[in-house]
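Structure assessment
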Amino acid sequence: MENLKWAAFKQQLQANPNLALQFQYAQDQWVDASYHITEIKQAPITSVDCGGVMNKWTEVIVQLYEPQAQQDRAMPVSKALSIIQVVEKVLPLEAEGIVKIEFGNSQYDTRQMLPRSITTDGDNLVVDLRPDTVQCKAIERGGNCGTDDKGEECCTPAVQIKPVVQLKNLTDNTTSCTPGGGCC
């Protein structure tokens, strides 16, 4: 699945308001049903990669908190939508922002994860998460990361080779002006 954008994520929620919203963060590992959405962050990212190219994108990060008290039924999607509505009254969220879910507990270090899929399973809307990975922007541009077969590094700024220009005298020496010659 391509990175999920905020508008598409929100549409999935709006299409299923009566389901319970569940998050799976690893194989057979679920965020406890007692979780709460503690905040939604919008992070505009501006970076310069190792090749000197500037990159810009926005991330919308939904933070989940798992309290000590446990319960059997997860938050209804309608409750999540009401939290989103409160947030968007104060902070308009970028429709094209990449969705990340931030979560951690005593068995799982806190990290930002990407929704791999969103499916309906009985009375549940299940968001299956996968850890985010480090990416090399040079590869995304069709380059390489490391040294290529020509021995060139992706991190080395491109050196522009200027062509050697042979200058030619296009005038006849008899008709040209020379300093002190009186023709100018």
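Preceding this paragraph is the structure being described.
Summarised in this report is the structure supplied together with it.

Criteria and cut-off values
Residues numbered from 1 in each chain as written. Predicted model: local features only at pLDDT ≥ 70, side-chain atom pairs only at ≥ 80, totals over all residues. Heavy atoms only, no water. Phe/Tyr/Trp six-rings, centres within 6.5 Å; stacked < 30°, edge-to-face > 60°. Helix = DSSP H or I, 4+ residues; strand = E, 2+ residues; numbered from the N terminus. Buried < 20%, exposed > 50% of the residue type's maximum accessible area, 1.4 Å probe, protein only.

On to the packing of aromatic side chains, then. One pass over the full model with this rule turns up 4 aromatic pairs. Measuring from centroid to centroid gives 5.6 Å for W6 and F9, while their planes differ by 40°, and the two rings are tilted. Remark: F9 and W6 occur in helix α1 (residues 6–14); sequence separation between them is 3 residues, near one turn of the helix. Its relative accessible area of 3% is what places F9 among the buried residues. Look at F23 and Y35: their rings are 5.4 Å apart centre to centre, the planes differ by 85°, and that puts the pair in the edge-to-face class. A residue pair is termed long-range when its members are at least 10 positions apart, and F23 in strand β1 (residues 20–26) and Y35 in the loop between β2 (29–30) and β3 (36–48) qualify at 12 residues. Each member of the pair, F23 together with Y35, is buried. One aromatic cluster in this structure is built from Y25, F103 and Y108.

Okay, unusual backbone geometry next. Across residues other than glycine, the phi torsion is negative in most instances, and most of the peptide bonds are trans. A positive phi angle is found at D28, which is not glycine, with a value near 60°. Within the secondary structure, D28 sits in the loop between β1 and β2.

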